[in-house]
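As a plain string of letters, each chain reads:
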Amino acid sequence: MPELPEVENVAVALREHLTGRTLTGLKVKCTKVLGQCGTATRRALLGKALDGVHRHGKYLVLNFTDGKRPDAQLMIHLRMTGQIFILEGYIPDKHVHLIFDFDGLPVHYRDIRKFGRLLLVDDPINPTAIAHVGPDMLLVRFNEWHRRISHRKAPMKALLLDQGIAAGLGNIYVDESLFLAGIHPLAKPVDLTRPQLQSVLRVCKKVLRHSIKHGGTTFMNYTNFHGKPGNFQSKLHVYGRGGEACDVCGETIERIQIAGRSSCFCNNCQPL
DNA sequence: GAATACCTGAGC
DNA sequence: GCTCAGGTATTC
């Protein structure tokens, strides 16, 4: 499941391998993953070169230009199972829905659940389609984040998942970050001290940066831009470990539903 | 702010 | 053959 670190790695890879290359072809095997029809997508992008990749939370925005027609922007969200990769000699399976041809270099879009979307938008940095999305979790300053969250009465877990407050965390990183910060997922920001909130944001950023450094493979079986599988460098403390013993204190890890999502935590390490 | 739709493979 | 997982837009 790609979260912010995986999306950041895709952004870096696209910049490295495709900047300056012209999109010369687009094969559409499943229109569903496009926000518009294949014809409209081709009309907007073909013949233009990739000249910028911007990431905001888990969203990517690619800018295409040919110096004559207006630039075009393609926004990509991988959702649960989306993958983008270049792979020598790769034979597309049934889950490959799009094949971009960059001057002879094939770039595949593969998505088992077809939740991901590739949508033409109107701006390379701040498309109106994601105007409701908050600042990137890695960039937001504490004062700004504090202003957005400190008065809220919903559970911390729900608010960290809320991309409108700050964008980038998914279910896995939220559970792990709250464990490392020692904060109960049901804790309300309004009941927490400023130092506690400072600790939450600091840990969230640390977890994301750590994961990016390890190729986004820290917590997940993730396949990178060149098809290399993830290597499980770090073990999860709580996510997906309900009923098991906490590896810090030995207490049984709890599992409850918060905001409709499974949430795992250690009652002893994360007291309410 | 909570439920629902979207989609498929994994695991019972 | 059933249930569950997950992020987001949409709808209550």
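One can find the structure itself at the top, above this paragraph.
Let me begin by describing the structure that accompanies this report. All figures in this text were calculated on a predicted structure; none of them were measured in a lab.

This brings us to the protein's contact with DNA strand B. For DNA strand B, the full set of nearby residues is Lys32, Lys94, His95, Ile112, Arg113, Lys114, Phe115, Arg152, Lys153 and Ala154. At the protein interface, 67% of the atoms of DNA strand B within 4 Å belong to sugar or phosphate. Residue Lys32 places a side-chain N or O atom 2.6 Å away from a phosphate oxygen belonging to DNA strand B. Interatomic distance of 3.4 Å between a side-chain N/O atom of Lys94 and a phosphate oxygen of DNA strand B. Class assignment for the residues of the surface near DNA strand B results in three nonpolar, one polar and six charged.

Applying the stated criterion across every chain, the model contains two cavities of 30 Å³ or more. Roughly 80 Å³ of internal volume is contained in the largest cavity. Taken together, Leu14, Leu18, Leu62, Phe64, Leu74, Ile76, Ile84, Phe100, Phe102, Val107 and Leu118 make up the lining of the largest cavity. For the lining of the largest cavity, the secondary structure elements donating two or more residues are helix H1 (4-18), strand E3 (59-65), strand E4 (72-77) and strand E6 (96-102). The residue makeup of the lining of the largest cavity, split by class, is 11 nonpolar, no polar and no charged.

The next subject is the sheet that holds strand E8 (residues 117-121). Pairing within the open sheet is antiparallel, and its four strands lie in the order E2-E3-E4-E8. Unpaired on one side and paired on the other, strand E2 (49-56) and E8 mark the two borders of the sheet. Each strand of the sheet is rotated relative to its neighbour by a mean of 25°, with strand direction disregarded. Pairing of E3 with E4, which is carried by six bridges, proceeds in the antiparallel orientation. Bridge assignment links Leu62 to a residue of E4, and that residue is Leu74. The sheet strands contacting H1 are E2 and E3, and the helix crosses E2 at an angle near 165°. Sitting on the sheet, helix H2 (residues 38-45) touches E3, E4 and E8, and the angle it makes with E8 is about 55°.

Here helix H6 (residues 194-213) spans 29 Å end to end across 20 residues, near enough to the 28 Å set by a 1.5 Å rise per residue. What H6 keeps buried is the set Leu197, Val200, Leu201, Val203, Cys204, Lys205, Val207, Leu208 and Ser211. Looking at the buried side of H6, the elements it contacts are H1, helix H3 (142-149), helix H4 (156-161) and helix H5 (171-181). In the stretch just after H6, Gly215 is the one whose phi turns positive, near 75°.

The description of two aromatic rings rests on the distance between their centres and on the angle between their planes. All told, the structure shown has four aromatic pairs when counted by the stated rule. Considering the side-chain rings of Phe64 and Phe102, the 6.3 Å spacing of their centres and the 25° angle between planes classify their relative orientation as stacked. With a gap of 38 residues between them, Phe64 in strand E3 and Phe102 in strand E6 connect regions that are remote in the sequence. The same class applies to Phe64 and to Phe102, which are both buried. For the ring pair Phe142 and Trp145, a centre distance of 6.3 Å and an interplane angle of 45° mean the geometry is tilted. Of this pair, Phe142 and Trp145 both sit in helix H3, three residues apart, which is roughly one turn of the helix. Judged on exposure class, the residue Phe142 and its partner Trp145 are both buried. Put simply, the rings of Phe64, Phe100 and Phe102 pair up and form one aromatic cluster.

Definitions and limits used
Residues numbered from 1 in each chain as written. Chains lettered and ligands numbered in written order. Predicted model: local features only at pLDDT ≥ 70, side-chain atom pairs only at ≥ 80, totals over all residues. Heavy atoms only, no water. Near = heavy atom within 4 Å. Polar contact = N/O pair within 3.5 Å; in protein donor to acceptor, adjacent residues only side chain to side chain. Nonpolar A, V, L, I, M, F, W, Y, C, P; charged D, E, K, R; others polar. 1 Å grid on protein atoms, 1.4 Å probe; cavity = no way out; pocket = protein on both sides within 12 Å on 5 of 7 lines; lining within 4 Å. Points joined across faces, edges and corners; volume = space filled by probe spheres on them. Helix = DSSP H or I, 4+ residues; strand = E, 2+ residues; numbered from the N terminus. Pairing = 2+ DSSP bridges. Axes fitted to C-alpha atoms, helices over the stretch in contact; angles between N-to-C directions. Contact = heavy atoms within 4.5 Å. Expected span 1.5 Å × (residues − 1). Buried < 20%, exposed > 50% of the residue type's maximum accessible area, 1.4 Å probe, protein only. Phe/Tyr/Trp six-rings, centres within 6.5 Å; stacked < 30°, edge-to-face > 60°.

In short, the description is geometric, and any link to function would need to be established separately.
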